[in-house]
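Here's the letter readout for the chains.
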Amino acid sequence: QVQLVESGGDLVQPGGSLRLSCTASGSIFSIYFMGWYRQAPGKQRELVAAITSGGSTNYADSVKGRFTISRDNAKNTVYLQMNSLKPEDTAVYYCNARRVENGGLHNYWGQGTQVTVSS
């Protein structure tokens, strides 16, 4: 099993920056995808940014140019650097990991971290 722990969420003013961290532990071998999702009250969960084991990245159109996903393999940690934050970025942010297990694909989620952008 994979355990994911997020941190870094906070209250920040519009235009400010935050860096979210997600650390994976447990059976981390064969994780091929890690990403950040977010969910605001009354809205569906959406993919914000993702990075594959090969280093390819993908971003939602709403955050391109403002957010950057990266990883530190030595620390088993993925980061989401968020700049130029807007009120519409307010949401609970969840870390996600996908792993091959016994020929099947398994999905793991962190507990979420709250990001609030407000003046």
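These notes cover the structure that comes with them. Each residue is numbered by its place in its chain's sequence as written, counting from 1. Only residues with pLDDT of 70 or above have their local features reported here, since the model is predicted, and side-chain atom pairs are shown and tallied only from 80 upward, although totals for entire chains, interfaces and linings are computed over all residues. Side-chain calculation: all heavy atoms of the structure are included, whereas hydrogens and water are not.

### Some words on the overall build of the chain
Applicable threshold: Each helix corresponds to a stretch of at least 4 residues labelled H or I by DSSP, and each strand to a stretch of at least 2 residues labelled E; elements are numbered beginning at the N terminus. Two things to know: the radius of gyration comes from C-alpha atoms, and the globule rule equals 2.2 Å times the number of residues to the power 0.38. For each residue, the accessible area found with a 1.4 Å probe, counting protein chains only, is set against the maximum for its type, and the residue is called buried under 20%, exposed over 50%, and partly exposed in between.
When its secondary structure is counted, the chain shows zero helices and eleven strands. Listing the helices and strands of the chain from first to last along the sequence gives β-β-β-β-β-β-β-β-β-β-β. For 119 residues, the compact-globule formula gives about 14 Å, and the C-alpha radius of gyration of the chain, at 14 Å, lands near that figure. Each principal axis of the C-alpha atoms in the chain carries an extent, and together these give about 50 × 25 × 25 Å. Evaluated residue by residue, the chain yields a buried proportion of 41% over its 119 residues.

### Comments concerning the environment of Asn107
For clarity, the cut-off: Pairs of residues are marked as contacts when any of their non-hydrogen atoms sit within 4.5 Å. Identification of polar contacts relies on pairs of N or O atoms within 3.5 Å, with a donor-acceptor requirement for protein atoms, meaning one able to donate a hydrogen and the other able to accept it, and with residues adjacent in sequence counted only if both atoms are side-chain atoms.
Within the secondary structure, Asn107 is located in strand β10 (residues 104–109). Taking the C-alpha atoms as reference, Asn107 lies 17 Å from Gln39; in sequence the two are 68 residues apart. In contact with Asn107, other than residues within four places in its own chain, are Asn96, Ala97 and Arg98. Among the polar contacts listed, one links the side chain of Asn107 to the side chain of Asn96, at a separation of 2.7 Å.

### Describing the nonpolar core
To keep it simple, the criterion reads: As used in this record, nonpolar core signifies buried Ala, Val, Leu, Ile, Met, Phe, Trp, Tyr and Cys residues forming a set joined through side-chain atoms within 4.5 Å.
Counting 30 residues, the largest nonpolar core has Leu4, Met34, Trp36, Leu80, Met82 and Tyr93 as its most contacted members. Where this core is concerned, the elements lending two or more residues are β1 (2–7), β3 (18–26), β4 (31–39), β5 (46–52), β7 (67–72), β8 (77–82), β9 (91–101) and β11 (113–117). Sequence-distant contacts of Leu4, that is, excluding residues within four places in its chain, are made with Cys22, Thr23, Ala24, Met34, Cys95, Asn96, Ala97, Tyr108, Trp109, Gly110 and Gln111.

### Quick word on the state of the cysteines
The criterion, for reference: Note on disulfides: each one is a pair of cysteine sulfur atoms within 2.5 Å.
Overall, the coordinates contain one disulfide when judged by the stated rule. Note on cysteine connectivity: Cys22 is disulfide-linked to Cys95, with sulfurs 2.0 Å apart. Looking along the S-S bond of the Cys22-Cys95 disulfide, the torsion reads about -85°, which is the left-handed sense. Here the residue Cys22 occupies a position in strand β3, and Cys95 occupies one in strand β9, the gap between them amounting to 73 residues. The same class applies to Cys22 as to Cys95, namely buried.

### Some words on the pairing of β1
Heads up, the rule is: Here, any two strands with at least 2 DSSP bridges between them count as paired.
Of the two faces of β1, only one is covered, namely that formed by Val2, Leu4 and Glu6; the face formed by Gln3, Val5 and Ser7 stays uncovered. Pairing geometry for β1 and β3, over six bridges, is antiparallel. Among the inter-strand pairings, Leu4 is bridged to a residue of β3, identified as Ala24.

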